[in-house]
Amino acid sequence: MGLTLDSRLSDDWRVEAATSDYDTLADVTRTPTVAKPSAETGGAGRMTFADGTGWRNFDLKAIWKPGQGKAGHTATFGYHWDEYRISSRQFNAANWRSDTSTTTLRNSFSGKTSTTALFAQDAWKFDPRWTATLGLRHERWQAFDGTRFDTAAPFSGTTYAYPSRDSRYDSPKASLAWQATQDWNIRASLARAYRMPTVSELFQTETRGASTFISDPNLKPEKVLAKDLTAEGATLGGSLRLSLFEEHVDDALYSQTDVSVTPNVTSVQNIERVRVRGIETAWQANDVGLRGMDVSASVTYANSKILANPAMPASVGKRMTRIPDWRATLLAAYRIDEHWSASLGLKHSGRQYNELNNTDINPGTFGGTSKFTTLDARAGYRFSKLLRASLGVDNLTDTKYYAYHPYPQRTWHAELRLDY
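These numbers come from a predicted model, not from an experiment. (Residues numbered from 1 in each chain as written. Predicted model: local features only at pLDDT ≥ 70, side-chain atom pairs only at ≥ 80, totals over all residues. Heavy atoms only, no water.)

**So, the overall build of the protein chain**
What counts, and what does not: Secondary structure is summarised from DSSP: a helix means a run of H or I of at least four residues, a strand means a run of E of at least two, and numbering begins at the N terminus for each. Between buried and exposed lies partly exposed: a residue is buried under 20% and exposed over 50% of the maximum accessible area for its type, with that area taken using a 1.4 Å probe on protein chains only. Any two residues whose heavy atoms approach within 4.5 Å are treated as being in contact. Methods summary: accessible areas were calculated by the Shrake-Rupley approach with a probe of 1.4 Å, and residue burial reflects only the protein chains presented.
Scanning the protein chain from terminus to terminus reveals one helix and 24 strands. Principal axes of the C-alpha set define a box for the protein chain whose edges measure 75 × 50 × 50 Å. Counting across all 420 residues of the protein chain, residues that qualify as buried make up 34%. A fraction of 60% describes how many contacts in the protein chain between residues 6 or more apart in sequence connect residues 24 or more apart. About 23700 Å² of surface is accessible on the protein chain, with carbon and sulfur atoms providing 57% of the total.

**Describing the environment of Thr 181**
By the element assignment, Thr 181 lies in the loop between β10 (165-179) and β11 (184-195). For Thr 181, a relative accessible area of 41% translates into the label partly exposed. Taking the C-alpha atoms as reference points, Thr 181 and Gly 233, separated by 52 residues in sequence, lie 8.9 Å from one another.

**Some remarks on the pairing of strand β8 (residues 130-150)**
For clarity, the cut-off: If DSSP finds at least two bridges between two strands, the strands pair.
Sheet topology places strand β7 (residues 102-127) next to β8; 18 bridges connect them, and they run antiparallel. Following the sheet pairing, Asn 107 is matched in β8 by Asp 150. Linking β7 to β8, which pair antiparallel, is a turn of two residues. Examined bridge by bridge, β8 and β10 share 14 bridges and lie antiparallel to one another. Its bridge partner being in β10, Leu 136 is matched across the sheet by Pro 172. Examined bridge by bridge, β8 and strand β9 (residues 158-161) share four bridges and lie antiparallel to one another. Its bridge partner lying in β9, Phe 149 is registered against Thr 159.

**Focus on the nonpolar core**
Where we set the bar: Each nonpolar core is a collection of buried residues, namely Ala, Val, Leu, Ile, Met, Phe, Trp, Tyr and Cys, held together in the definition by side-chain atoms within 4.5 Å.
Ranked by size, the top nonpolar core spans 13 residues in total, and within it Ile 86, Trp 141, Ala 143, Leu 202, Phe 203 and Leu 219 carry the most contacts. At three residues, the largest contribution of residues to this core is made by helix α1 (residues 199-203). Judged by nonpolar contacts, the second largest core, of 11 residues, contains Ile 271, Val 276, Met 320 and Leu 356.

**Points about unusual backbone geometry**
Of note, the phi angle at Leu 236 is positive, near 55°, even though the residue is not glycine. Looking at the element boundaries, Leu 236 is found in the loop between β14 (222-235) and β15 (238-258). Since its relative accessible area comes to 65%, Leu 236 is described here as exposed. Of note in this structure, Arg 322 is not a glycine but carries a positive phi near 60°. Along the chain, Arg 322 turns up in the loop between β17 (293-308) and β18 (326-335). Using a relative accessible area of 41% as the deciding quantity, one classes Arg 322 as partly exposed.

**Things to note about the packing of aromatic side chains**
Inclusion rule: Two rings from Phe, Tyr or Trp (for Trp, the six-membered ring) form a pair when their centres are within 6.5 Å of each other. A pair whose planes differ by under 30 degrees is stacked, one over 60 is edge-to-face, and the rest are tilted.
Taken as a whole and assessed by the stated rule, the structure comprises 17 aromatic pairs. Ring centres of Tyr 301 and Trp 326 lie 4.9 Å apart, and the angle between their planes is 50°; on these two criteria the pair is classed as tilted. Residue Tyr 301 is found in strand β17, and its partner Trp 326 is found in strand β18; the two are separated by 25 residues along the sequence. Given the relative accessible area of 31%, Tyr 301 is considered partly exposed.

**Examining the environment of Thr 113**
Tracing the sequence through the fold places Thr 113 in strand β7. For Thr 113, a relative accessible area of 5% puts it in the buried group. Residues Thr 113 and Asn 309, 196 residues apart in the sequence, show an inter-C-alpha distance of 27 Å. Those residues in contact with Thr 113 that sit more than four places away from it in its chain are Asp 82, Glu 83, Tyr 84, Trp 141, Gln 142, Ala 143, Phe 144, Val 199 and Leu 202.

**Some points on the pattern of salt bridges**
We apply this condition: By convention in these notes, a salt bridge is any Lys or Arg side-chain nitrogen within 4 Å of a carboxyl oxygen on Asp or Glu.
For the coordinates displayed, the defined rule picks out 24 salt bridges. The salt bridge partner of Arg 137 is Glu 139, with a shortest N-O separation of 3.2 Å. Of the residues examined, Glu 139 reaches a relative accessible area of 5% and is grouped as buried. A salt bridge links Lys 227 to Glu 246, with the shortest nitrogen-to-oxygen separation between them at 3.1 Å. Placement of the pair is Lys 227 in strand β14 and Glu 246 in strand β15, with a sequence separation of 19 residues. For Lys 227, a relative accessible area of 35% puts it in the partly exposed group.

**Points about the side chain of Asn 354**
Heads up, the condition is: Counting of polar contacts relies on pairs of N or O atoms within 3.5 Å, with two restrictions inside protein: one atom must be capable of donating a hydrogen and the other of accepting it, and residues adjacent in sequence are counted only when both atoms are side-chain atoms.
Structurally, Asn 354 can be placed in the loop between β19 (340-349) and β20 (372-382). A polar atom in the side chain of Asn 354 sits 3.3 Å from the side chain of Arg 322. If near-sequence neighbours (up to four positions away) are discounted, Asn 354 is found in contact with Tyr 254, Gln 256, Thr 321, Arg 322, Asp 360, Gly 367, Gly 368, Thr 369 and Tyr 404.

**Remarks on the confidence of the model for the protein chain**
This is how the line gets drawn: Looking at any residue, its pLDDT shows the predictor's confidence there, from 0 to 100.
In the predicted model, the protein chain carries a mean pLDDT of 92, and 97% of its residues have values of at least 70. β10 holds the highest mean pLDDT among the elements of the protein chain, 98, whereas strand β12 (residues 206-208) holds the lowest, 73.

**Digging into the side chain of Glu 139**
By the element assignment, Glu 139 lies in strand β8. For Glu 139, the side chain forms a polar contact with the side chain of Arg 137, separated by 3.2 Å. Those residues in contact with Glu 139, other than ones at most four positions away along the chain, are Thr 115, Thr 116, Ala 117, Ser 167, Arg 168, Tyr 169, Ser 171, Tyr 194 and Met 196.

**Considering the environment of Arg 277**
Inspection of the secondary structure puts Arg 277 in strand β16 (residues 264-285). The spacing of Arg 277 and Ser 304 is 27 residues in sequence and 6.4 Å in space, taken between C-alpha atoms. Apart from residues no more than four positions distant in its own chain, Arg 277 is found in contact with Phe 245, Glu 246, Tyr 301, Ala 302 and Asn 303. For Arg 277, the side chain forms a polar contact with the side chain of Glu 246, separated by 2.4 Å.

In structure tokens:
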């Protein structure tokens, strides 16, 4: 359930609010343990219940433009609150197909996280060609009600309650923009940000089928220092953006799956320091070549490196996982007439790794991560202002590629949409 509100209180003030509540009412996983399970008669097994897992959040933002922006200030004030919860109970069962056949509790885990934050930002146009933006976010993060029960060692049938955690963080940001010419704007930005461990990264430790998940209630938050230098302007019949960026991430949160063992084991850990440097360019233009043809394109190169990782010294100097060296997109959308439209999109992703020490040298197989180039196509017809339909195909060339597991190959989809 979600609700949003956007209200203009006066010429100078606007307020936005949004809230959502998601609750898992029923989530049951059934796993047989007999050598030859029967779909009809069942047999011994395990049943895992995850109802109660979900989240709630609330955001409130006020935007103030004194003199309707003529005073040179655009100030933003906000409040954020969220609470995430996770719960799982696994029982032995005399019949894995029957909800009423559960016997003894085998293992369970639960926990919650919450974030409360206040933020403020002001974009100050102190000169016709200069704009300075300063912002600060203060947040309180909590992890609590974490528990773990397991009949296996070291718990041996006892319930362990994790200590609660309560931390506060400040995230400042600053940018300076210069209108170099009528068509070109140059902006330099610097920001500090935090990414807190999720409730599942902290508390979800369980085995389901062929997968085991191992959490760590002592995970540290990621600390990101981001730098960016961007130039934006009108050229080549459209708008062009060029960006140089660098990120230093301390205690990077990383989830890795070991497929060499059965069950597969997924664990979460902190990597002491990672650096990513790169360049990105993006271009967008309308009526390219003929009226109604809109084109957008982007190319990104990222050079990632693990700078420190005491947990795996062999990974130091290697590329960070799941960050491709090259990425590119190209989308051409054609408005044929008032009813018909069509688009063709190209996506490319370069080489990347799944292993921290970059030893996965066979990317085109299960457990590997492939480089790929795919095409997507779509055609749409608007019957009226209220009704439209579309037919599309993703991965038109039926390319086979992997990101640990196989990506979908050629996929058709159709849509009928009514707006009112």
